[in-house]
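# What the coordinates show
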Amino acid sequence: MQNLIDKIKIEKLKTDFLIIGAGAAGCFAAYEAKRLNPNIDILILEKAHIARSGCLAAGVNAINAYITPGQSPESFLEYVKKDSMDLIREDLVYSIAKEVNNVVNLLEEWGLPIPKDENGQPYVRGRGSIIVQGERVKPIIAQATKNTKAKILNRVVVTNLIKNKNKVCGAFGFGVRDGKFYVIQAKAVLVATGGASGIYKPNNEGEAKHKIWYSPFNTGAGYAIGIRAGAEMTTFEMRYVSMRIKDLMAPTGAVAQGVKAKQVNALGERYLEERYVYLGGTSMPTAMRLWATLQENIEGRGPCYLDTTHLTREQAERLQAYYLHMTPGLTLYWGARGTKPDTDPPEIVGTEPYIVGGHAQAGYWIDINRMSTLENLYAAGDVAGGAPKKYLSGAAAEGMIAAREIVSKLKSINEEQVYEKDIKDEVKRVFSHLEKKNIEILPDELELRMQKIMDDYAGGISSGYILNEQKLLKARKYIKELKQEANNLYAINPHELMKCHEVIDRLDVASVLIEHLLHRKETRWPIYQSRADYPERDDKNWLKFVNSVYDQTKDEIKILERPCKKLEAVK
Amino acid sequence: MGIYIDQNLCNSCGYPQSETPCNMACPGDLIFMQLNGKAQITSNAECWDCAACIKICPQQAIDIRLPFEIVGKEGTLKARAYREKTIWTVKDEKGNEQIFETPARNDASLETLINPEEFSDTIDSYKGISKSFVDLGLDI
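Let me sum up the structure you'll find in this document.

Procedures and definitions
- Residues numbered from 1 in each chain as written.
- Chains lettered and ligands numbered in written order.
- Predicted model: local features only at pLDDT ≥ 70, side-chain atom pairs only at ≥ 80, totals over all residues.
- Heavy atoms only, no water.
- Buried < 20%, exposed > 50% of the residue type's maximum accessible area, 1.4 Å probe, protein only.
- Helix = DSSP H or I, 4+ residues; strand = E, 2+ residues; numbered from the N terminus.
- Pairing = 2+ DSSP bridges.
- Contact = heavy atoms within 4.5 Å.
- Axes fitted to C-alpha atoms, helices over the stretch in contact; angles between N-to-C directions.
- Buried area = accessible area lost by both parts, 1.4 Å probe.
- Salt bridge = Lys/Arg side-chain N within 4 Å of Asp/Glu carboxyl O.
- Polar contact = N/O pair within 3.5 Å; in protein donor to acceptor, adjacent residues only side chain to side chain.
- Nonpolar A, V, L, I, M, F, W, Y, C, P; charged D, E, K, R; others polar.

The complete set of buried residues in helix α3 (residues 73-83) of chain A reads A:Ser75, A:Phe76, A:Leu77, A:Val80, A:Lys81 and A:Asp83. Two residues or fewer after α3(A) comes A:Met85, characterised by a positive phi angle close to 55 degrees.

This is the structure in structure tokens:
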């Protein structure tokens, strides 16, 4: 069967600036780099098609990182810090806060409809959040990116970074439509992919398994290529578990903030205000609002709702329409049941845990210019660590910050050689799953096994998100075994081959996640990271970052600790 | 399930000479062309309900149907994407319709962007046009 691998067509490309992922971070990076220097050669790699890829495929109905009137970058920083239990990279969050309104102005200039009040101000939905009508946000960003004349390579799955000693000098990938192997040599590389969904068993099963909140097509490739290349990663243990509308797992902001619906339990009690005032009532941190909701269910007062029964029929229909900009399935959900939000208030539940730096803060350990610990490798958006609650506008801001640094450095970066042996090895690693084997495991089977292990032993939905050392040690053991099984993954076509690599990538993310969860011996972020064996928050010993570096040759994950610095100290 | 592609309405959009809009739009690479030239979804269980394909299909051959296990009712969602707006039709199982209209682009941008090539996300840009496979890297 050596034949098949020998027949793979190899396409070699060269660029100055390689961007992996054509989402908010990647597209804004391309825009900013071309604005600063139109002569720079930029290539964007995209797994799907730039017009409708990733989290933004369906659209957005709000921009959630925005400095609203009366707020400032300083107050935004304070808010994010409080919401994240004081452990954040203040320098990164502050630099994002200074940039987000600039991003929103650009989006509006490119065509994003942002409704305005009589004073010409956007409608403020909640602290740091404004309403937009963003069903078309991704095509709008794509169009602006195309206008810069950056080159876009759609339907290419990234498989690994190319390294020459400690320097990153490009990336490998394969085309899901053309079946080619791509070798892309670059002076600087920006990883700007999405985070990772599908690591844990989701809320729904069978035909509904992808009715999940975060894009099921964001499968952690951006993390995995960094992990395998030995880049330092941070705070994977701050998983993101989201409070969402049951069944469709739709975001709740439009209901909770948009139409001011209160969280109520089955008895109609406004439990946040009535029972959990000591946690801050309605202004408690995001994680605690979900914790309180789960607690109501445990104590027999579920289900919980976002109470929309105060809406008029017209308001209810407007709310339905509002979801067409983000989760059109929810509009259909009410429609198919013949109900509307005023008579059928949405139930709220917790999602499965996701690993995502845009909401929580798992990701590459980066400096203020978004450079990782590997030379010439940068990260922005969902894969960049240390800066939670950045969302669309913050991801775009990070892309722009990284682009500025890269543009200023490009001249001084020498082209590094790509070794033929590395190309040969990667072709074999990537395409060997197309060859017949004695044992053949399908990617779907391996995915289910991985999700079950993580659900059972690493704090998934069915274990109430609770973690302890004994269970985590089992998760470590089983995931390690599963990584061996992954060698037997079998694909019949390039689409299935993509799915093989998605599950391989997620196993690498899961391995790092487990080590982070094991190391933090306190409970910093309830639900996101609830250690039953260390139930208290311990600022004395643990107000610091847990980081890791993977050594591929030894197959070992080394844990490092980094201090948490105040902004003044960083300045 | 996720989407239903009406095999009688699908007219192949010029395939195999061009990439079809639905095939281009799906963020999960889930839509493929069958030997008879008609579009089909590989696995409905993997559909995210993002609606990218239903909005762009020039034949309006695609609709979203939610899995029975989470709704317990049948119902369909259709949509048409125009440059400035999207028109949505929700139908319950008795056939009762609800129509919604959502803005797609703000007025200022519509005035400045006049090249139809720039609107590859809308139905009107595909009518009668056979696009070539520009997005497979040939533009490099």
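The pairing of strands in a sheet comes from backbone hydrogen bonds and takes either a parallel or an antiparallel form. All names here are of chain A. With respect to topology, four strands assemble into an open sheet ordered β15-β10-β19-β20, the strand pairing being antiparallel. Taken across any chain shown, the strands that pair with only one partner, and hence form the sheet edges, are β15 (363-364) and β20 (556-563). Taken together, the two bridges between strand β10 (residues 233-234) and β15 define a ladder with antiparallel strand orientation. Bridge pairing in β15 places Thr234 opposite Gly363. Against the sheet, helix α17 (residues 494-519) makes contact with β10, β19 (544-551) and β20, and its axis sits at roughly 50 degrees relative to β20, the strand it touches most.

Residues and elements named next belong to chain A. Reading across from one edge, β3-β5-β4 is the order of the three strands in this open sheet, with antiparallel pairing throughout. Each having just a single partner strand, β3 (60-63) and β4 (124-126) make up the two edges of the open sheet. On average, adjacent strands in this sheet sit at an angle of 45 degrees to one another, irrespective of strand direction. Bridging between β4 and strand β5 (residues 129-134) involves two bridges; their strand directions are antiparallel.

Before going further, it helps to examine the environment of A:Gly381. Within the secondary structure, A:Gly381 sits in the loop between β16 (377-379) and α13 (391-409). When near neighbours in sequence (up to four residues on either side) are disregarded, A:Gly381 contacts A:Ala25, A:Gly357, A:Lys390, A:Ala395 and A:Glu398.

A few words now on the interface of chain B and chain A. Facing 61 residues of chain B, the contacting portion of chain A comprises 68 residues. Summing the contributions of chain B and of chain A, the shared interface buries around 5,100 Å²; its carbon and sulfur component is 58%. Linking chain B with chain A are five salt bridges, by the criterion used here. In this structure, B:Asp49 and A:Lys211 form a salt bridge, with 3.1 Å as the shortest nitrogen-oxygen distance. Between chain B and chain A we count 23 residue pairs in polar contact (both at pLDDT 80 or more) in total. Mapped onto the side of chain B that touches chain A, the elements with two or more residues apiece are α1 (21-25), α2 (52-56), α3 (68-71), β5 (75-81), β6 (85-92) and β7 (97-103) of chain B. With six residues, the single largest contributor to the side of chain B that touches chain A is β6(B). For the side of chain B that touches chain A, the per-class residue count stands at 28 nonpolar, 15 polar and 18 charged.

A cis amide bond links A:Gly302 with the next residue in sequence, A:Pro303, at an omega value of -5 degrees. For A:Pro303, the location among the structural elements is in the loop between α10 (286-298) and β13 (305-307). The omega angle of the peptide bond from B:Tyr15 to B:Pro16 is 10 degrees, so this bond is cis rather than trans. For B:Pro16, the location among the structural elements is in the loop between β1 (3-5) and α1. Of note, A:Asp247 is a non-glycine position whose phi angle comes to about 75 degrees, a positive value.

Any link to function would need more than the numbers given here.
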